[in-house]
Amino acid sequence: MKVLLCPLNDPGYLYPALAVGAELRRRAHTVHVLAGPRAAPAATAAGLETVAVADATALSVSHWTVRGPEQYTEVAWAVRQTRPDVLVTSVLCHGALVAAEAAGLPVVVLGLAAHLWPYRPETDAADAADAHDRTWRLTETLKHYGAVREAAGLAPRRDRFPDTPLLGTAFLLRGHPALEPPGAELPPAVRHVGPCWWEPEPPAAEPLPDSKPLAYVHLGRTFGGASLWPRLNAAFTSGTHRAVVELGRSGDPEAAAGADLIVGRRPWMGPLVDRADLVLTNATSAPVLAALLRGKPLLVAPNGSEQQVLAAGCLRAGVARRLPEPGASAADLRSAVEETAHDPELRARAEEIAALLAAGKSETRAADTVESASR
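So, a few notes on the structure that sits alongside this text. (Residues numbered from 1 in each chain as written. Predicted model: local features only at pLDDT ≥ 70, side-chain atom pairs only at ≥ 80, totals over all residues. Heavy atoms only, no water.)

1. A word on the sheet that holds strand S11 (residues 276-281)
Okay, step 1: Taken in spatial order, the six strands line up as S10-S9-S8-S11-S12-S13 in an open sheet, and their pairing is parallel. Each edge of the open sheet is held by one strand with a lone partner, namely strand S10 (261-264) and strand S13 (320-322). For this sheet, the mean inter-axis angle between neighbouring strands, taken without regard to orientation, is 20°.
Okay, step 2: Here strand S8 (residues 214-218) pairs with strand S9 (residues 242-246) via five bridges, running parallel. Its bridge partner lying in S9, histidine 218 is registered against glutamate 246.
Okay, step 3: Across the sheet, helix H10 (residues 306-317) touches strand S12 (298-300) and S13, and the angle it forms with S13 is around 120°. (Pairing = 2+ DSSP bridges. Helix = DSSP H or I, 4+ residues; strand = E, 2+ residues; numbered from the N terminus. Axes fitted to C-alpha atoms, helices over the stretch in contact; angles between N-to-C directions. Contact = heavy atoms within 4.5 Å.)

2. Points about the nonpolar core
Okay, step 1: In this structure, Leu87, Leu298 and Val319 are the most contacted members of the largest nonpolar core, which totals 70 residues.
Okay, step 2: If near-sequence neighbours (up to four positions away) are discounted, leucine 298 is found in contact with Val279, Thr281, Pro287, Val288, Ala291, Leu292, Cys314, Val319, Ala320, Arg321 and Thr340.
Okay, step 3: In this structure, Leu5, Tyr15, Cys196 and Ala373 belong to the second largest nonpolar core, which totals 31 residues. (Core = buried A, V, L, I, M, F, W, Y, C linked by side-chain atoms within 4.5 Å. Buried < 20%, exposed > 50% of the residue type's maximum accessible area, 1.4 Å probe, protein only.)

3. Things to note about the packing of helix H3 (residues 68-82) against helix H4 (residues 94-103)
Okay, step 1: In contact at an axis separation of 7 Å, H3 and H4 are set at 45° when each is read in the N-to-C sense. Judged by the inter-axis angle, H3 sits oblique to H4. As H3 runs across H4, the sense of the crossing is right-handed. Of the residues in H4, those in contact with Gly68, Gln71, Tyr72, Val75, Ala76 and Val79 of H3 are His94, Gly95, Ala96, Val98, Ala99, Ala102 and Ala103.
Okay, step 2: Classifying every residue of the contact of H3 with H4 by side-chain character gives nine nonpolar, four polar and no charged. (Parallel < 35°, antiparallel > 145°, perpendicular 65-115°, else oblique. Left-handed = near helix turned anticlockwise from the far one by under 90°. Nonpolar A, V, L, I, M, F, W, Y, C, P; charged D, E, K, R; others polar.)

4. Here's the deal with the sheet that holds strand S7 (residues 190-192)
Okay, step 1: As summarised here, the arrangement of the seven strands in space is S3-S2-S1-S4-S5-S6-S7, forming an open sheet in which the pairing is parallel. Bordering the open sheet on either side are strand S3 (49-52) and S7, each of which pairs with just one other strand. Ignoring strand direction, the axes of neighbouring strands in this sheet form an average angle of 25°.

5. A look at unusual backbone geometry
Residues apart from glycine generally show negative phi values, whereas peptide bonds are mostly found in trans.
Okay, step 1: The phi angle at cysteine 196 is positive, at roughly 50°, despite the residue not being glycine.
Okay, step 2: Topologically, cysteine 196 is positioned in the loop between S7 and S8.
Okay, step 3: According to the relative accessible area criterion, cysteine 196 is buried, its value standing at 1%.
Okay, step 4: Even without glycine at this site, lysine 361 takes up a positive phi of about 50°.
Okay, step 5: With respect to the helices and strands, lysine 361 occurs in the loop between helix H12 (344-359) and helix H13 (362-373).

6. Looking at helix H11 (residues 330-342)
Okay, step 1: Across its 13 residues, H11 extends 19 Å between first and last C-alpha, which sits within 8% of the 18 Å expected from 1.5 Å per residue.
Okay, step 2: The set of residues buried in H11 consists of Leu333, Ala336, Val337, Thr340 and Ala341. Seen from one end, H11 has its buried residues packed into an arc of 120°, which puts them on one side.
Okay, step 3: Where H11 is buried, its residues meet helix H7 (229-235), S11, S12, S13 and H12. (Expected span 1.5 Å × (residues − 1). Arc of directions from axis to C-beta.)

7. What to know about the packing of aromatic side chains
Okay, step 1: Under the defined criterion, the tally for this structure stands at two aromatic pairs.
Okay, step 2: Look at tyrosine 15 and tryptophan 198: their rings are 5.2 Å apart centre to centre, the planes differ by 75°, and that puts the pair in the edge-to-face class. Pair noted here: tyrosine 15 is in helix H1 (residues 11-26) and tryptophan 198 is in the loop between S7 and S8, with a separation of 183 residues, a long-range link.
Okay, step 3: Note on tyrosine 15: relative accessible area 10%, which makes it buried.
Okay, step 4: If you follow arginine 120 out to its NZ or CZ, it ends over the ring of phenylalanine 161, 3.7 Å from the centre. (Phe/Tyr/Trp six-rings, centres within 6.5 Å; stacked < 30°, edge-to-face > 60°. Lys NZ or Arg CZ within 6 Å of the ring centre and 35° of its normal.)

8. Quick word on the environment of threonine 222
Okay, step 1: One can find threonine 222 in the loop between S8 and H7.
Okay, step 2: For the pair threonine 222 and glutamine 307, spaced 85 residues apart in the sequence, the C-alpha separation amounts to 9.7 Å.
Okay, step 3: Among residues more than four places away in sequence, those in contact with threonine 222 are Ser227, Asn303 and Gly304.

9. Here's the deal with the pairing of S9
Okay, step 1: The buried fraction of S9 is high, at five of five residues.
Okay, step 2: Burial along S9 is two-sided: Arg242, Val244 and Glu246 and Ala243 and Val245, pointing in opposite directions, are all buried.
Okay, step 3: Between the parallel pair S8 and S9, the chain is carried across by H7, and the sense of this crossover is right-handed.
Okay, step 4: Two strands pair when backbone bridges link them, and S9 and S10 are joined in this way by four bridges, in the parallel orientation. Within S10, the residue paired with valine 244 across the bridge is isoleucine 262. (Right-handed = clockwise from strand over helix to strand, strands pointing away.)

10. Structural notes on the packing of H1 against H13
Okay, step 1: The interhelical angle for the contact between H1 and H13, taken along N-to-C directions, is 70°, at an axis separation of 9 Å. One way to sum up the angle between H1 and H13 is to call them roughly perpendicular. Facing Ala19, Val20, Glu23 and Leu24 of H1, the residues of H13 in contact are Glu363, Thr364, Ala366, Ala367, Val370 and Glu371.
Okay, step 2: Classifying every residue of the contact of H1 with H13 gives six nonpolar, one polar and three charged.

11. Describing the state of the cysteines
Okay, step 1: If you walk through the whole model with that rule in mind, you get zero disulfides.
Okay, step 2: Distance from the sulfur of cysteine 196, which forms no disulfide, to the nearest cysteine sulfur (cysteine 6) is 16 Å.
Okay, step 3: Residue cysteine 314 stays outside any disulfide, its sulfur separated by 17 Å from that of cysteine 196, the closest cysteine.
Okay, step 4: Under the relative-accessibility criterion, cysteine 314 is labelled buried at 0%. (Disulfide = S-S within 2.5 Å.)

Pasting the structure below:
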């Protein structure tokens, strides 16, 4: 079987695809990765062959709402070059969905840690605001998908359910059912497989001062919401913990003088999460899954996009506390860090979900799905 991986090239989307690709290659399948210059070294490190993308911005999640037609062009070209039997792509990579449809190929979509769109049927367990947000999010996503299909010249679809074209042949969630509302029924094409965790091999252990225990902080985009920096500066000044802050795709650092913060951008997070007492995050999939895989409690401060959905799932599952809102006192913020780090119930529940995720053998299940989709 020949497989073309065409994920978004940002680490949170690229790395899970590489985990699945490496498992498929282990099974003696031919696997190619459509990769720009920044993604190619990671693909090579995973032992996979790359197909160079001409326009790297086409596969950037930062441009997913405007570069769909360019995505389609890049993926359609790679399909002609590699002649795959099946595509594997990322949620929000609409150009790959349209290219697969145009070529008559099955496509497996790697989703995030929780389901973002309406359940089927809508569960009574989801409150009205949650249901409204899911419907709005689906409507907005379909607008961008429709624009890509129109640019590609495909005829309009007539699907019974509006989310059908976004789900591909199979849609794989990388979290656990515990992160969904109780009683929620996923669409038939959607299933949980687990994290599909992969990272580049880190260098030797990063030297860090050992005078205080660590918190790992991962910043997400603000989407017009509140920046975490004022609360980070307050929480980690004269507090019990030192924070290692991953900037991710966020803006420039705003660490205050005297704040106990070590700031940087790294292509990996696992070793630092291993050393941390807790993970503080806006609640995007990669840091949440890194924490849960290692049984670490979470402190969440969501803004937009997936963050609200995933933060709510973590709070329901009993693995997280919510960071006090902007304007909270420094004492309350420091207490939130310390109490999260030392809450035995949070840690026990996080360790329970870690065991469930490990037992799920996510790369195996995902690769099984890809094989089934190609038949």
